[in-house]
Amino acid sequence: MIYLDNAATTAVCKEAKEAMVPLLEDEYGNPSANYPFGDRAGSIVERARIRMAGMINANPENIIFTSGGTESDNSAVLKIKDIENSHIITTKIEHHAILNTCEYARKKGAEVTYLNVNPDGEINIDELEKSIKENTRLISVMFANNEIGTIEPIAKIGRLARAYGITFHTDAVQAFGHVPINVARMNIDMMSVSAHKFNGPKGVGFLYVRNIDDFEPLIWGGGQENGKRSGTENVAGIAGMEQAAIQSIKNMSYRMQKEQYLRNYLINRVMNEIDDVKLNGHKFKRLPGNANFSFKNINAAKLVEDMGNEGICISAGSACAAAGGKPSQVIMAINVQKEYAYGTVRITISHENTRDEIDRTVEIMKKLIKLQREQ
Ligand code: PLP
């Protein structure tokens, strides 16, 4: 199998597995329990908190462990005080964990502005500033897009939000562990992270919250996570995430270079060897492992399925395309022409992929596209 869908999820790394197994086998204590067996679990959680905070230049008390990106995004939006009377600014290209939560907030009475993006997938800072209203309480703009890989101007957004005293949340699920992030320097007030996107386990992540005292929990119960997110902590998951994050940060520049090299090699081959194709997303302000192509007169769902039958995992622009519906909100927002939009595929490379794998992928893709176009 050739796995090229690393934006969907990644393989759990050896270091994460090694950290997790003893916590599932022998050290299974409850971190809240008041005896050494519990304390040991508690100290594993706290060590992870300290280390994860250090990686983004935050303080440990500002990290809330969650079940992953979706919960972190929900918490960031739904915790807004007086949400019924608030205005939220987000973008048309967010993940559904933000879009659908904003829709829910809208049904509760909030007003939501969905910013446009340019054909590269970038928001416009002037449009953002013009959309600010007196009751704007939250700006939520993703760090990097999960489909087209475009990296948004996060530091500029942070500076603007801070100047207006508006909370700035970023969904960094695709970015953390892949590109450098410094919440203090970038004026990020809240940030969502998910472990399974950087070789950690699924179902665990965190939310960074700068103004932690003001944070209203989404989940209530026994008061874990300093009362900010109840529920017994996923100790093994948190320890696995910590180890995966350490590896990602330590090896970031090597991984970025390798992924970029393979990504550029892939892009060059596809653009030179296949007719009627467009590259989506920003040319260089994009995630190192992301390539997203639209092929004219191609059914992406069928292409992905046929590639899968050849042992190659890539993804269609979105699940909607697979269901035969409309192209994704991202592809619509960047105005891909109709004849191309339905032929959109995403190929996301990890540091573990090889040039041979990219070569085989291009060869098979060329063959399948030719077949589809001849039919
Ligand atoms: N946000 C973005 C940008 C994502 O790509 C994803 C997952 O695909 C999520 C949020 C949801 O994260 P999780 O799978 O941890 O709930």
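Here the structure is a predicted model, which is why all the values come from computation and not from measurement.

The biggest cluster of nonpolar side chains holds 68 residues, and the ones touching the most others in it are Ile56, Phe143 and Ile181. Taken domain by domain, this core gets at least three of its residues from each of domain 1 (14-250) and domain 2 (252-374). What Ile181 contacts, discounting residues up to four positions off in sequence, is Met55, Ile56, Phe143, Ala172, Ala175, Phe176, Met186, Ile188 and Met191. Counting residues in hydrophobic clusters, the runner-up holds 29 residues, among them Leu4, Val304, Ile349 and Ile358.

Turning our attention to the packing of helix H9 (residues 300-309) against helix H13 (residues 355-374). Running from N to C, H9 and H13 cross one another at 130°; their axes reach a closest spacing of 10 Å. Overall, the two elements H9 and H13 adopt an arrangement that is oblique. You can see that H9 and H13 cross each other, and the crossing is right-handed. Counted together, Lys302, Leu303, Asp306 and Met307 of H9 and Thr361, Ile364, Met365, Leu368, Ile369 and Gln372 of H13 form the full contact between these two elements. Split by residue class, the contact of H9 with H13 holds six nonpolar, two polar and two charged.

The local shell around the ligand holds 13 residues, among which Thr70, Asp171, Gln174, Ser194 and Lys197 are the closest. Gly69 places a polar main-chain atom, nitrogen or oxygen, 2.8 Å from an oxygen atom of the ligand. The separation between an oxygen atom of the ligand and a polar side-chain atom of Lys197 is 2.6 Å. Considering the ligand on its own, with 390 Å² of exposed area, one finds that the protein chains cover 85% of that surface. Examining the composition of the shell around the ligand, we find that three residues originate from one element, helix H3 (residues 69-78), more than from any other.

Quick look at the domain arrangement of the chain now. Segmenting the chain into domains produces domain 1 (14-250) and domain 2 (252-374). Taking only C-alpha atoms into account, the centre of domain 1 sits 28 Å from that of domain 2. Taken together, the 30 residues of domain 1 in the interface contact 23 residues of domain 2. Connecting domain 1 to domain 2 are one salt bridge. In this structure, the salt-bridge partner of Glu122 is Lys285, at a minimum N-O distance of 2.9 Å. Counting every contact that joins domain 1 to domain 2 gives 13 residue pairs in polar contact (both at pLDDT 80 or more). For the side of domain 1 that touches domain 2, the secondary structure elements donating two or more residues are helix H4 (96-107) and helix H7 (235-250). A per-element tally of the side of domain 1 that touches domain 2 places H7 first, with four residues. For the side of domain 1 that touches domain 2, a count of residues per class yields eleven nonpolar, 13 polar and six charged.

Cut-offs used in this document
Residues numbered from 1 in each chain as written. Predicted model: local features only at pLDDT ≥ 70, side-chain atom pairs only at ≥ 80, totals over all residues. Heavy atoms only, no water. Core = buried A, V, L, I, M, F, W, Y, C linked by side-chain atoms within 4.5 Å. Buried < 20%, exposed > 50% of the residue type's maximum accessible area, 1.4 Å probe, protein only. Domains from an automatic or database assignment. Contact = heavy atoms within 4.5 Å. Axes fitted to C-alpha atoms, helices over the stretch in contact; angles between N-to-C directions. Helix = DSSP H or I, 4+ residues; strand = E, 2+ residues; numbered from the N terminus. Parallel < 35°, antiparallel > 145°, perpendicular 65-115°, else oblique. Left-handed = near helix turned anticlockwise from the far one by under 90°. Nonpolar A, V, L, I, M, F, W, Y, C, P; charged D, E, K, R; others polar. Near = heavy atom within 4 Å. Polar contact = N/O pair within 3.5 Å; in protein donor to acceptor, adjacent residues only side chain to side chain. Areas by Shrake-Rupley, 256 points an atom, 1.4 Å probe, with all protein chains shown as cover. Salt bridge = Lys/Arg side-chain N within 4 Å of Asp/Glu carboxyl O.

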